[in-house]
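In case you want the letters, here they are:
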Amino acid sequence: MYQLTALYNHPEDPAAFDKHYTEVHAVIAKKIPGLLRYTISHPGPDPEGNKPPYYLVAVLDFADEAAFGAGMGGEHGQAAVADLPNFAGAGVALLTGEANEA
């Protein structure tokens, strides 16, 4: 399994972020060829009640690095990357790598 993990910083306007993410970005991302699973989560506060470091975490699973490269290098993968400035102005960290069950 090969994963792309997107860590989105807290946006200035969470409602606008959520609207664009749900209605535009996720629709594009779900069309990436080779995508096996796509999950998102909104982290909650830590045990002390502190705000989490990220607003939203998205994880995209692919069979292997070749499938990831083909999917992200294609039309829909490139469109998803090109869409990031349209809603992720607060910043996003993109991490990729092999994922294994622990």
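Residues numbered from 1 in each chain as written. Predicted model: local features only at pLDDT ≥ 70, side-chain atom pairs only at ≥ 80, totals over all residues. Heavy atoms only, no water.

### Comments concerning the nonpolar core
The condition is simple: Throughout, nonpolar core names a set of buried Ala, Val, Leu, Ile, Met, Phe, Trp, Tyr and Cys residues whose side chains join them through atoms within 4.5 Å. Throughout this description, buried means an accessible area under 20% of the type-specific maximum (1.4 Å probe, protein chains only), exposed means over 50%, and partly exposed covers the range between. In DSSP terms, a helix is any run of H or I states spanning at least four residues, a strand is any run of E spanning at least two, and both are numbered starting from the N terminus. Whether two residues are in contact is decided by their heavy atoms: any pair within 4.5 Å suffices.
Among the nonpolar cores identified, the biggest contains 24 residues, and Tyr8, Tyr21, Tyr38, Ala58, Leu60 and Phe62 are the most heavily contacted of them. Going through the elements one at a time, strand 1 (2-8), helix 1 (14-29), strand 2 (35-41), strand 3 (56-62) and helix 2 (65-73) are the ones with two or more residues in this core. In terms of residue count, helix 1 provides more of this core than any other element does, 5 residues in total. Excluding residues within four positions of it along the chain, Tyr8 makes contact with Phe17, Tyr21, His25, Tyr54, Tyr55, Leu56, Ala58, Leu84, Phe87, Ala88, Gly91 and Val92.

### Concerning the environment of Lys51
Mapped onto the elements, Lys51 comes out in the loop between strand 2 and strand 3. Once the C-alpha coordinates of Lys51 and Ala70 are considered, the two residues, 19 residues apart in sequence, prove to be 36 Å apart.

### Topic: the pattern of salt bridges
Put simply, the rule reads: Salt bridge, as used here: a side-chain nitrogen of Lys or Arg that lies within 4 Å of a carboxyl oxygen of Asp or Glu.
What the rule picks out here adds up to 2 salt bridges. We note a salt bridge from Lys19 to Glu23, for which the minimum N-O separation is 2.9 Å. Taken together, the residues Lys19 and Glu23, both in helix 1 and 4 residues apart, mark about one turn of the helix.

### Focus: the sheet that holds strand 4 (residues 92-98)
In plain terms, the rule: A strand pair is defined by DSSP finding two or more bridges across the two strands. To get an axis, fit a line to the C-alpha atoms, keeping to the stretch in contact for a helix; angles then go from 0 to 180 degrees between the N-to-C directions.
Strand order in the open sheet formed by 4 strands is 2-3-1-4, with antiparallel pairing between adjacent strands. Of all the strands in the sheet, the pair left with one neighbour each is strand 2 and strand 4. Direction aside, the axes of adjacent strands within the sheet are offset by 15° on average. Note: strand 1 against strand 4, 7 bridges, orientation antiparallel. Residue pairing across strands places Thr5 opposite Leu95, the latter belonging to strand 4. Helix-sheet contacts for helix 1 involve strand 1, strand 2 and strand 3, and the interaxial angle to strand 2 is about 170°.

### Details of the packing of helix 1 against helix 3 (residues 75-83)
Cut-off, in case you're wondering: An angle below 35 degrees is read as roughly parallel, one above 145 as roughly antiparallel, one from 65 to 115 as roughly perpendicular, and any other as oblique. Asp, Glu, Lys and Arg are counted as charged, while Ala, Val, Leu, Ile, Met, Phe, Trp, Tyr, Cys and Pro are counted as nonpolar; the rest, among them Gly, fall into the polar class.
For the pair helix 1 and helix 3, interaxial distance at closest approach is 8 Å and the crossing angle is 150°. Viewed along their axes, helix 1 and helix 3 adopt a mutual orientation that is roughly antiparallel. In this structure, helix 1 contributes His20, Val24, His25 and Ile28 to the contact, and helix 3 contributes His76, Ala79, Ala80 and Asp83. Considered class by class, the residues forming the contact of helix 1 with helix 3 number 4 nonpolar, 3 polar and 1 charged.

### Overview of helix 3
Stated precisely, the cut-off is as follows: When we speak of the arc, we mean the arc of directions from the helix axis to the C-beta atoms.
Gly77, Ala80 and Asp83 are the residues of helix 3 that are buried. Taken down its axis, helix 3 places every buried residue within 125° of arc, on the same side. Of the exposed residues in helix 3, those oriented more than 90 degrees away from the buried face are Glu75 and Ala82. Where helix 3 is buried, its residues touch helix 1 and helix 2.

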